[in-house]
Amino acid sequence: NSILTTQSNLASCLGDLGRHNEALVLKCEVHARYVATRGVSHEVTILNGNNVALSLVILRRFDEAVTFLRKHVSHARPLGLDHMGRLKAVEHLSYALAKAPDATRDNLLEARDLAQDAFQIRRRVYGPQHPETLWCENFLT
């Protein structure tokens, strides 16, 4: 477990250094190990899956991000609708749907609906001034 945590931290450092492809490879490896050892719906698996999704978005691999996140959001559902990890996965999915260069009208509508739902939950649970609530609000405008 501490090795996976260290590898996850190293992947984040690689991303911070702009080495996003290397970070993605390591994040995928860590996520796969958590899936194998903890299961797809465990909190730490969801949080590490969000790291994979973020790297895909940063690399503008939106189609891969959407495919990954559609499954990932469903895996996060057992944590509860208000769980920070699930909300982050929904926000990543919303962003990937909206920013894809080939986004359809349906993609954009789905992105808006997902962001609106996340915003409502964040405002209720975390308050209107929480940074994540403000991010959702800005994304919607």
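Residues numbered from 1 in each chain as written. Predicted model: local features only at pLDDT ≥ 70, side-chain atom pairs only at ≥ 80, totals over all residues. Heavy atoms only, no water.

K.L.:
Please clarify how the packing of aromatic side chains should be interpreted in this entry.
P.N.:
A complete count under the given rule lists 3 aromatic pairs for this structure. With a centroid separation of 6.5 Å and an interplanar angle of 45 degrees, the aromatic rings of Tyr 95 and Trp 135 are classed as tilted. Placement of Tyr 95 in helix 5 (residues 84-99) and of Trp 135 in helix 7 (residues 131-140) is noted, with a sequence separation of 40 residues between them. Of the residues examined, Tyr 95 reaches a relative accessible area of 29% and is grouped as partly exposed. For the ring pair Tyr 95 and Phe 139, a centre distance of 5.9 Å and an interplane angle of 40 degrees mean the geometry is tilted. Residue Tyr 95 is located in helix 5, and its partner Phe 139 is located in helix 7; the two are separated by 44 residues in the primary sequence. Counting every residue linked through ring pairs, the aromatic cluster contains Tyr 95, Trp 135 and Phe 139. (Phe/Tyr/Trp six-rings, centres within 6.5 Å; stacked < 30°, edge-to-face > 60°. Helix = DSSP H or I, 4+ residues; strand = E, 2+ residues; numbered from the N terminus. Buried < 20%, exposed > 50% of the residue type's maximum accessible area, 1.4 Å probe, protein only.)

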